[in-house]
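Summary of the model geometry
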Amino acid sequence: MAGKQERLIEAVSSQLADADRLAADAEIAKLRSEVATLKARYKSALGQIDRERERADAIAGLAGIKAKGGRRAAGKRKVAGAATVIVGLSDWHVEERVDPATVNGLNDYDLDVAERRIAELCERFATLLDHQRQLVKVPRVVVWLGGDFLSGHIHPDTAELAQLPPLAATRWAGERIRGFLDMVADMTDQVVVVTNSGNHGRSTEKLRVGTELDHSFEQHLYLTLAAAESRPNVQWQVGEGYLNVLDLDGFRVRFHHGHAVSYGGGVGGITVPTNKAIAAWDRIERADLTMFGHWHQFSWLRAGRYVSNGSLIGHSAYATKIKASYEPPCQAFVVVDHKRHEVTAALPIFCDRDLQQRAAK
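Residues numbered from 1 in each chain as written. Predicted model: local features only at pLDDT ≥ 70, side-chain atom pairs only at ≥ 80, totals over all residues. Heavy atoms only, no water.

Read across the open sheet, the five strands follow the order β5-β6-β7-β9-β8; overall the sheet is mixed. Bordering the open sheet on either side are β5 (244-248) and β8 (299-301), each of which pairs with just one other strand. Direction aside, the axes of adjacent strands within the sheet are offset by 15° on average. Packing against the sheet, helix α6 (residues 271-284) makes contact with β6 (251-255), β7 (289-292), β8 and β9 (306-308), and its axis sits at approximately 135° to β9. (Pairing = 2+ DSSP bridges. Helix = DSSP H or I, 4+ residues; strand = E, 2+ residues; numbered from the N terminus. Axes fitted to C-alpha atoms, helices over the stretch in contact; angles between N-to-C directions. Contact = heavy atoms within 4.5 Å.)

As structure tokens, then:
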């Protein structure tokens, strides 16, 4: 009888220990998210200080120069019209290791590098948004979470290159995404988060169709972040299928990760199959802009009405194998002018300072 009671006490103690560990893990995840948010804000503040210092130096350098001719500006120039800025985040592949030896020294990527590139992304985005506001009012920013934030274990190769297991990589990326969203929420009146899941962050060996999102670590992350959203100026539109269409005051944007459109590496690259896919989708439901990632290539085709996003990971051994052209790590900054009802600018947000510094040594 005593032995049975002792076993019961041990079982209860074990359950309590498990509960304590779960509570501790939750608290650690919360603290990590807060640290990531503070880091992003700190980097953004440093960038703003540098920009103000450069502006002050430029003004000081003009001291003593007298104006000749022309008319004096009457106070601060007023901006007219309104635009929505879309920032595209996708294809981070945070836990995948890229050894410089496998890419002829063109890239070097690990978790520490990913951290630095995300910080640079925050800094450069803040600069671009500030510049755009000199031209037009930007009361709203759309943050597109386009998928493949992790590489996962979908192939033996990605499993061997992974520095974190899939769920840990999902949490690691989620903390940095949360930090970026909090930074943007502090900078603008309205933030709309629209999502697509990628083809890498999945729990199955092969892609599913009807149940693809049910096996996506990223979809679970999006739903968790959306449910925990505490910022009153942030709203989420989590994708429920392959396509996610967002209406921006009559300007319709179609988002998808990109893995449903394939090409054989022929002439024209992704342009021809992308235009065919857009034409087919437009016959069902027309969109003014289609935005996607997956191919790790930034491009803007105004006539074809699409923007293709770059990647954070940059060049890899796989890119060399499929003979993809080299492209520096970058994400997308898109301006939708509502008066003109079109995209008036689409720029890469370069995140390659680490590579520039490495090349300068």
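Here the narrative resumes, following the displayed structure.
This part covers the pattern of salt bridges. Scanning the model with the defined rule gives 18 salt bridges in all. The shortest N-O distance in the salt bridge between R176 and E115 comes to 2.7 Å. Of this pair, R176 sits in helix α4 (residues 166-187) while E115 sits in helix α2 (residues 111-132); the two residues are 61 residues apart in sequence, bridging distant segments of the chain. Assessed through its relative accessible area of 12%, R176 is described here as buried. Put simply, E120 and R353 hold a salt bridge, and the shortest N to O gap is 4.0 Å. Taken together, the residues E120 in helix α2 and R353 in helix α8 (residues 353-360) connect sequence positions 233 residues apart. Classification of E120 by relative accessible area gives buried; the value is 3%. Its relative accessible area of 30% is what places R353 among the partly exposed residues. Each of R178, D182, D186, E229 and R231 takes part in salt bridges that share partners, so that together they form one network. (Salt bridge = Lys/Arg side-chain N within 4 Å of Asp/Glu carboxyl O. Buried < 20%, exposed > 50% of the residue type's maximum accessible area, 1.4 Å probe, protein only.)

What follows deals with the pairing of β6. Counted residue by residue, β6 has four buried out of five residues, so it is predominantly covered. The sheet contact formed by β5 and β6 spans five bridges and is antiparallel. When the sheet's bridge partners are listed, V245 is paired in β6 with R254. In sequence, β5 turns back onto β6 through a hairpin of two residues, with D249 there showing a positive phi of about 55°. Note: β6 against β7, three bridges, orientation parallel. For F255, the partnering residue across the bridge sits in β7 and is M291.

Turning next to the packing of α2 against α8. Axis separation between α2 and α8 bottoms out at 9 Å; the angle between their running directions is 115°. Classified by the angle between their axes, α2 and α8 sit roughly perpendicular to one another. Listed contacts from α8 to V113, R116, R117, E120, E123 and R124 of α2 are R353, D354 and L355. Residue composition of the contact of α2 with α8, grouped by class: two nonpolar, no polar and seven charged. (Parallel < 35°, antiparallel > 145°, perpendicular 65-115°, else oblique. Nonpolar A, V, L, I, M, F, W, Y, C, P; charged D, E, K, R; others polar.)

Turning to the sheet that holds strand β1 (residues 82-89), a few remarks are in order. In spatial order, the strands read β4-β3-β2-β1-β10-β11; together these six strands make up an open sheet with mixed pairing. The outermost strands of the open sheet, each flanked by one partner alone, are β4 (234-237) and β11 (342-350). Here the strands of the sheet are splayed against their neighbours by 20° on average, with no regard to which way each runs. Docked against the sheet, α4 engages β1, β2 (137-145), β3 (190-195) and β4, running at close to 170° with respect to β2.

Below, the discussion takes up the pairing of β11. On a regular strand, one side chain projects to one face of the sheet and the next to the other, so that they alternate. Relative to β11, strand β10 (residues 330-337) runs antiparallel, the two sharing eight bridges. In the strand pairing of β11, D337 is matched with E342. The hairpin formed by β10 and β11 contains four residues between the paired strands, and H341 there has a positive phi angle of roughly 55°.

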